[in-house]
Amino acid sequence: MNNPVLRLENIQKSFGALVASDNISLDLRAGEIHALIGPNGAGKSTLIQQIAGSLAPDHGRISLLGQDISKAGLSQRARLGLARTFQISELALEDSVLQNVLLGVIGASGRVFRFFRNALKDQDNITQANTALSRVGLLEVAQKPVSTLSHGQRRQLEIAIALTLKPKVLLLDEPMAGLGGSGSKALMPLLETLKSEAPILLVEHDMDAVFALADRISVLVYGKLIATGSVAEIRANREVRTAYLGDEA
Amino acid sequence: MKRETMINAALLLAMIAVPLWAYYAGKPFTITLATKVAILALAGVGLNIALGIGGLVSFGHAAFFGLGGYTMGILASHAQSYSPLFNWPFLFEGSQNMLMIWGVTILVSALAGLIIGLLALRTSGVYFIMLSLAFGQMLYYFAISWPAYGGEDGLSIYVRNGFPGLNTLDPIQFFAICFALLLLALFFTHRLMNSPFGLALNAARQSPLRAATVGVGVFRLRLVALIISAIITGLAGALYADLNRFISPTMLSWQTSGEIMVFVILGGVGRLMGPLAGAALFIILEQVLGPISEYWHIYLGAMLLLVVLFARGGIIGSLAKRDAAHE
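Every value quoted in this text rests on a predicted model; they were computed, and no experiment measured them.

Residue and element names in this part refer to chain A. Strand order in the open sheet formed by six strands is 6-7-8-3-9-10, with mixed pairing between adjacent strands. Looking at which strands have only one partner, the edges of the open sheet turn out to be strand 6 (82-85) and strand 10 (224-229). Pairwise comparison of adjacent strand axes, ignoring direction, gives a mean angle of 15° for this sheet. Looking at chain direction, strand 3 (residues 33-37) and strand 8 (residues 200-203) are connected through four bridges and run parallel.

What follows is the structure in structure tokens.
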């Protein structure tokens, strides 16, 4: 059981002269929230994209539950249980909240090529979608178009969609961005319960949330992983303090 | 009932009432016009699946429309001259049976959709538009320079192809065939829109990244959508050739692609009955304004401009506006 759920080995990615991921090795263990922090432009989002499969690394290996997924495409990785939310919401804005979640249910089931069945009347799928929606507290707005949702609700919807994939791993890219203090606090208990179902790789700028939630923290600076450790270790790390946390920590 | 549903029902009723009236009033030309509307609408229904639901702005649907036409023309001309298309590896003779012609048209259009899709769907946006246009133009110039089936002059088929149990030379019976196919395509599109496939295609238009992130293979999804779209537009081409008993490279030209797109945009992109409303308006304008000026397209252009600028949902969208407020 001590095998990591997700493992990155020697991930290397450059854009011209800019090294966005410099030989990064990282693992995500069952039941943990592993926070990935670092200043803007450190390469956090680039790393998430490489894990999710929307960007191919130049070198390195990514494995999920011991299976090498380096060659798998974005949609294939999603079907394997690699679920992700976006820093800037990626949703079908004209569709209803329910339709967006149903898309996840359908995509995860791999039964996309059905032309006659009414997707909006399939009780099995709707039950799954509603379960995901109620977990993030969006059941009441299920019939509303996504375009009418607030910023915070859209972030919750992203998590609901990720849940429909029956995730083995959750990649959450700044789920609290723009939520404000109370919004972040509301999301924290959900993440606490989710981590026992699927470990979470959490990219987040809100340091209070990171220190409260994370079991381990990795610090990325200019594409290099400069430290990985428990909250206490990271707080005490001199290199991290000068590079990122500053005096406030 | 939703307003759009009522408008749709009214449109279909008009499509039945007008030819029936013309039949009893003894105006076969009006029946022919209604047939033309049904066929052009069918071509639009095909494009609407790619363009309206899938967001694939194909500026080359004339390729499928023309391929349908040429399939009919080639099969029928071989049947007329009693010469087989080929003897090897099996004997393949021409046919003047619509069912046979439609079957071959479906295969040919699907294959064309597959090949064009495999190449063009690797791009998106303006590059996809240009590639689809390029494929259409390739076929157009091929048809012009291929003398076997009339080349630039086109090819006449002297007798309209037959349909078991019907007299296709009777305008009202031929209309019934075309209208039935249109209804079938509309029913299929309606089911498709609410199906898992439609939901995914619709989401992939709005955000391909979102669709892929939940495990939907967007490329395959769009490829299948383009093939379905090609088949429907191809069938319309075969019917159009039968209506005129004539095929020519014009069916493959970019102007034809543009006209099919105009039906969809005028009627309402992504609306089930948009292509029917658009095609009907197009033919009405042609009949009303055509005799007044041969430059009647300028009025069509102005109308298109107004729709694009002020009424994105086209005719259907503008008429059904209140639905959005209700929901």
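Here we take up the pattern of salt bridges. Residue and element names in this part refer to chain A. Taken as a whole and judged by the stated rule, the model has 14 salt bridges over all chains. With a shortest N-O distance of 3.8 Å, Lys195 and Glu192 are connected by a salt bridge. In this pair, Lys195 and Glu192 both sit in helix 6 (residues 180-197), three residues apart, roughly one turn of the helix. Owing to a relative accessible area of 36%, Glu192 belongs among the partly exposed residues under this scheme.

Our focus in this paragraph is a nonpolar patch on the surface. Where nonpolar side chains cluster on the molecular surface, the patch consists of B:Leu13, B:Ile16, B:Leu20, B:Tyr23 and B:Tyr24 and spans about 560 Å² of accessible area. Mapped onto the elements of the fold, B:Ile16 is located in helix 1 (residues 3-25).

The next subject is the packing of aromatic side chains. Using the criterion set out here, one finds 16 aromatic pairs over all chains in the structure. Ring geometry for B:Phe263 against B:Phe282: centres 5.1 Å apart, planes inclined by 75°, an arrangement best described as edge-to-face. Taken together, the residues B:Phe263 in helix 10 (residues 254-267) and B:Phe282 in helix 11 (residues 274-289) connect sequence positions 19 residues apart. For the pair shown, B:Phe263 and B:Phe282 are each scored as buried. Among the aromatic side chains, those forming a connected cluster through ring pairs are A:Phe113, A:Phe115 and B:Phe197. The ring centre of A:Phe211 lies 4.1 Å from the NZ or CZ of A:Arg235, which sits over that ring. The ring of B:Phe174 carries the charged tip of B:Arg160 above its face, separated from the ring centre by 4.1 Å.

Of all hydrophobic cores here, the largest spans 180 residues; its most connected members are A:Leu6, A:Leu157 and A:Leu191. The element contributing the most residues to this core is helix 9 (residues 218-244) of chain B, with 17 residues. Residues lining this core come from more than one domain, with at least three contributed by each of domain 1 (1-81 + 167-249) and domain 2 (91-166) of chain A. When near neighbours in sequence (up to four residues on either side) are disregarded, A:Leu6 contacts A:Leu26, A:Asp27, A:Leu28, A:Ile51, A:Ile62, A:Ser63, A:Leu64, A:Leu82, A:Val169 and A:Leu171. Of all hydrophobic cores here, the second largest spans 14 residues; its members include A:Val210, A:Ala214, A:Ile234 and A:Tyr244.

Turning next to the interface of chain B and chain A. Taken residue by residue, the interface counts 27 residues in chain B and 32 residues in chain A. For the pair chain B and chain A, the summed buried area comes to about 2700 Å², and 67% of that belongs to carbon and sulfur atoms. In terms of surface lost to chain A, no three residues of chain B exceed B:Pro196, B:Leu199 and B:Arg210, which account for 25% of the buried area on that side. Where chain B touches chain A, the interface holds two salt bridges. Across the pair A:Glu158 and B:Arg210 runs a salt bridge, and its minimum N-O distance is 3.3 Å.

Attention now moves to the sheet that holds strand 5 (residues 67-68) of chain A. Residues and elements named next belong to chain A. Within the open sheet, the four strands sit side by side as 2-1-4-5. Their pairing is antiparallel. Every other strand in the sheet has two partners, leaving strand 2 (18-28) and strand 5 as the edge strands with one partner each. Where strand 1 (residues 6-15) meets strand 4 (residues 59-64), five bridges bridge the pair, whose relative direction is antiparallel. Counted as the bridge partner of Glu9 is Arg61 from strand 4. Sitting on the sheet, helix 1 (residues 44-52) touches strand 1, strand 2 and strand 4, and the angle it makes with strand 1 is about 120°.

Before going further, it helps to spend a moment on the side chain of B:Asp242. Residue and element names in this part refer to chain B. On the secondary structure map, Asp242 appears in helix 9. No salt bridge forms around the buried Asp242; measuring N to O, its nearest opposite-charge neighbour Arg160 is 4.8 Å away. Here Asn161 takes part through its side chain, which lies 3.1 Å from a polar atom of the side chain of Asp242. In contact with Asp242, not counting residues within four places along its chain, are Met72, Met98, Arg160, Asn161 and Phe174.

All names here are of chain A. Split into domains, chain A comes out as domain 1 (1-81 + 167-249) and domain 2 (91-166). Here domain 1 and domain 2 have C-alpha centroids that lie 26 Å from each other. Both faces combined, the contact of domain 1 with domain 2 buries some 1100 Å², and carbon together with sulfur accounts for 64% of it. Counting the surface domain 1 buries against domain 2, the share from its top three residues, Arg79, Pro167 and Leu190, is 35%. If you look at where domain 1 meets domain 2, you find one salt bridge. Glu197 serves as the salt-bridge partner of Arg135, at 2.7 Å between the closest nitrogen and oxygen. Linking domain 1 with domain 2 are three residue pairs in polar contact (both at pLDDT 80 or more). Broken down by secondary-structure element, the contributors of at least two residues to the side of domain 1 that touches domain 2 are helix 2 (74-79), strand 7 (169-173) and helix 6. Ranked by residue count, the leading element in the side of domain 1 that touches domain 2 is helix 6, at five residues. For the side of domain 1 that touches domain 2, the class distribution of residues is nine nonpolar, three polar and five charged.

Residues and elements named next belong to chain A. With respect to burial, strand 9 (residues 216-221) is a largely interior element, six of its six residues being buried. Going residue by residue along strand 9, you find Arg216, Ser218 and Leu220 tucked away on one face and Ile217, Val219 and Val221 tucked away on the opposite face as well. Judged from the four bridges that link them, strand 3 and strand 9 form a sheet pairing that is parallel. Residue pairing for strand 9: His34 is matched across the bridge by Arg216. Judged from the five bridges that link them, strand 9 and strand 10 form a sheet pairing that is antiparallel. By the bridge assignment, Leu220 is partnered in strand 10 with Leu225. Following strand 9, the chain reverses through two residues before pairing antiparallel with strand 10; Tyr222 in that reversal takes a positive phi of roughly 50°.

Parameters and conventions
- Residues numbered from 1 in each chain as written.
- Chains lettered and ligands numbered in written order.
- Predicted model: local features only at pLDDT ≥ 70, side-chain atom pairs only at ≥ 80, totals over all residues.
- Heavy atoms only, no water.
- Pairing = 2+ DSSP bridges.
- Helix = DSSP H or I, 4+ residues; strand = E, 2+ residues; numbered from the N terminus.
- Axes fitted to C-alpha atoms, helices over the stretch in contact; angles between N-to-C directions.
- Salt bridge = Lys/Arg side-chain N within 4 Å of Asp/Glu carboxyl O.
- Buried < 20%, exposed > 50% of the residue type's maximum accessible area, 1.4 Å probe, protein only.
- Patch = residues over 30% accessible without salt bridge, like charges linked within 9 Å, V, L, I, M, F, W, Y side chains within 5 Å.
- Areas by Shrake-Rupley, 256 points an atom, 1.4 Å probe, with all protein chains shown as cover.
- Phe/Tyr/Trp six-rings, centres within 6.5 Å; stacked < 30°, edge-to-face > 60°.
- Lys NZ or Arg CZ within 6 Å of the ring centre and 35° of its normal.
- Core = buried A, V, L, I, M, F, W, Y, C linked by side-chain atoms within 4.5 Å.
- Domains from an automatic or database assignment.
- Contact = heavy atoms within 4.5 Å.
- Buried area = accessible area lost by both parts, 1.4 Å probe.
- Lys, Arg positive; Asp, Glu negative; His and termini not counted.
- Polar contact = N/O pair within 3.5 Å; in protein donor to acceptor, adjacent residues only side chain to side chain.
- Nonpolar A, V, L, I, M, F, W, Y, C, P; charged D, E, K, R; others polar.

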